[in-house]
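Here's the letter readout for the chains.
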Amino acid sequence: MICLEHMSAGDPSGFWRHYESFVDELASSCRHREVSGPKIKIALFNDTDFRVNIGCRLTSQGLKQQILDAFPAAEITSIGFSFAAFRKEFPKSTSAGRYELPDLESRLSTAYGEEAIDHITAADFVILQPEGSLDHRTTAEGLETFFTPVLTARKLGRPFAVLNGTIPVYEDERSEYLRGLFRELGHVAARDEISAEYYGIEFLTDAAFLRISPAPVAERDGCLITTGARNNADEDIEILKAALGVCEELKLRPIVLTHAVERFSPYEAEIIARGGIFAETASIERAAETISACRLHIGGRYHMAIFGLLCKVPSLLFDVKTHKNQWLERYSSLIRLVHPHMDLKAAAALALGDGVSQEHREATTADKYIRFLKRAYG
């Protein structure tokens, strides 16, 4: 209703048209999926499918598709994570197995809600998705709290798995804790090779690659502009200014579709005047249409760069405070890491000159997900 009211008053930036598609997608995602016959009850912890952030939904929806491909009779219960739990301290550590179920339950309910233990008790399979929720600020206490769903599942004898996340490379006692934990758990995979190599765990390419295969678009005249995960406002403004300069040089329409779009508000009128789009979010399908009309992506968003790869859009990707973007450059020649003091116009011309014919090279990723999930389930 709010979206319609704003659109009826005029929507020159396309903000509300894009946002309305997100609301429709959210309503569809919340509908209960009917499963006939015997069910496999799966508790999916840290499901980010219901967030405004497009990347969170792109990767969570991709993961859930693989779960349903592996287990067609699955009934998935989604449980979110409360970041406030990272700031809470608990009287007893869960490391090295020195804990009882009540110690886990206290952490579990703080992080995942009062019904979390009931979801695990009722589940046939427990899955934890780290998906962008851990960073270098996460304390050892916070790590113990985050992994309580699978620690609880193990304590209760339920099958479990950890997959589809980036694990920060810690250089202190946290890395030793995680290495020991992952050895004990066994069924752990990271979505980037840097995490996987550092912790000695399995590598499964980000499930975002498996969510959608956009149709080709003939006319491409846009430049997708995004913010950077964990950037401050000044860093994002520098990205925008550089991107607008590239748009002017190459005669591209600025297409802003990104989380934290409000940081770009002072430039909204200029973007609209250039025939551009100024939006925060959209459904996955609507986002695919918008991104497919772009020739280039400039920004710091890891998942929007993946979305660009799916739409055959090369990225000038800023190296932000995570190794995700570094891995993505290693993964695809369509990704070039850039820095604030680089000649972005020259880099853009080079990226466009190389063409965008490369296909996603991990054609067997879906099969690997299915094998991993079935192996963890037993």
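Residues numbered from 1 in each chain as written. Predicted model: local features only at pLDDT ≥ 70, side-chain atom pairs only at ≥ 80, totals over all residues. Heavy atoms only, no water.

Chemist: Provide a residue-level description of the overall build of the chain, including the pertinent values.
Modeler: Check the secondary structure of the chain and you find 16 helices and twelve strands. Relative to the compact-globule value of 21 Å for 378 residues, the chain shows a C-alpha radius of gyration of 21 Å, a close match. Along the first, second and third principal axes, the C-alpha set of the chain runs to 60 × 45 × 40 Å. Split into buried and exposed, the 378 residues of the chain put 55% on the buried side. (Helix = DSSP H or I, 4+ residues; strand = E, 2+ residues; numbered from the N terminus. Rg over C-alpha atoms; globule rule 2.2 N^0.38 Å. Buried < 20%, exposed > 50% of the residue type's maximum accessible area, 1.4 Å probe, protein only.)

Chemist: How would you summarise the packing of aromatic side chains if you had to cite specific residues and measurements?
Modeler: One pass over the structure, following the stated rule, counts 22 aromatic pairs. A centroid spacing of 4.9 Å and a plane angle of 85° characterise the contact between Tyr198 and Tyr199, whose relative ring orientation is edge-to-face. With relative accessibility at 5%, the residue Tyr199 sits in the buried group. Taken together, the ring pairs connect Phe45, Phe81, Phe83, Phe86, Tyr112, Phe146, Phe147, Phe182, Tyr198 and Tyr199 into an aromatic cluster. The ring of Phe90 has Lys88 sitting right over it, with the charged end atom 5.6 Å from the ring centre. Just above the ring of Tyr198 sits the side chain of Arg179; from NZ or CZ to the centre is 4.3 Å. (Phe/Tyr/Trp six-rings, centres within 6.5 Å; stacked < 30°, edge-to-face > 60°. Lys NZ or Arg CZ within 6 Å of the ring centre and 35° of its normal.)

Chemist: Just give me the short version of the pattern of salt bridges, but keep the residues and values in it.
Modeler: According to the stated counting rule, one finds 21 salt bridges in the structure shown. Taking the shortest distance from any N to any O, the salt bridge between Arg17 and Asp11 comes out at 3.5 Å. The partner of Arg154 in a salt bridge is Glu184, and the shortest N-O contact between them spans 3.3 Å. Remark: Glu184 occurs in helix H8 (residues 173-185) and Arg154 occurs in helix H7 (residues 148-156); sequence separation between them is 30 residues. A relative accessible area of 28% places Arg154 in the partly exposed class. Salt bridges sharing partners connect three or more residues here, namely Asp47, Asp49 and Lys64. (Salt bridge = Lys/Arg side-chain N within 4 Å of Asp/Glu carboxyl O.)

Chemist: Outline the sheet that holds strand S11 (residues 315-318), supporting the account with residue identities and numerical values.
Modeler: Within a sheet, adjacent strands bond to each other through the backbone by hydrogen bonds, running parallel or antiparallel. In spatial order, the strands read S9-S8-S7-S10-S11-S12; together these six strands make up an open sheet with parallel pairing. The outermost strands of the open sheet, each flanked by one partner alone, are strand S9 (277-279) and strand S12 (335-338). When the angles between neighbouring strand axes are averaged without regard to direction, this sheet yields 20°. (Pairing = 2+ DSSP bridges. Axes fitted to C-alpha atoms, helices over the stretch in contact; angles between N-to-C directions.)

Chemist: Lay out helix H13 (residues 302-310) in plain terms, naming residues and giving numbers.
Modeler: Of all nine residues making up H13, nine are buried, and the element is well covered by its neighbours. Turning to H13, its buried residues are Tyr302, His303, Met304, Ala305, Ile306, Phe307, Gly308, Leu309 and Leu310. Two residues or fewer after H13 comes Lys312, characterised by a positive phi angle close to 60°.

Chemist: Just give me the short version of the sheet that holds strand S4 (residues 160-162), but keep the residues and values in it.
Modeler: Taking strand neighbours across the sheet as the criterion, the four strands line up as S2-S1-S3-S4 in an open arrangement whose pairing is parallel. Looking at the sheet topology across the chains shown, the edges are occupied by strand S2 (74-79) and S4. Ignoring strand direction, the axes of neighbouring strands in this sheet form an average angle of 20°. Here strand S3 (residues 125-128) pairs with S4 via three bridges, running parallel. Bridging from a neighbouring strand, Ile127 pairs with Ala161 of S4.

Chemist: An account of the pairing of S12 is requested, with residue identities and associated values reported.
Modeler: Moving residue by residue along a regular strand, the side chains alternate between the two faces of the sheet. With four bridges joining them, S11 and S12 adopt parallel strand pairing. Of the residues in S12, the one forming a bridge with Ser315 is Ile335. The handedness of the S11 to S12 crossover, carried by helix H14 (residues 324-331), is right-handed. (Right-handed = clockwise from strand over helix to strand, strands pointing away.)

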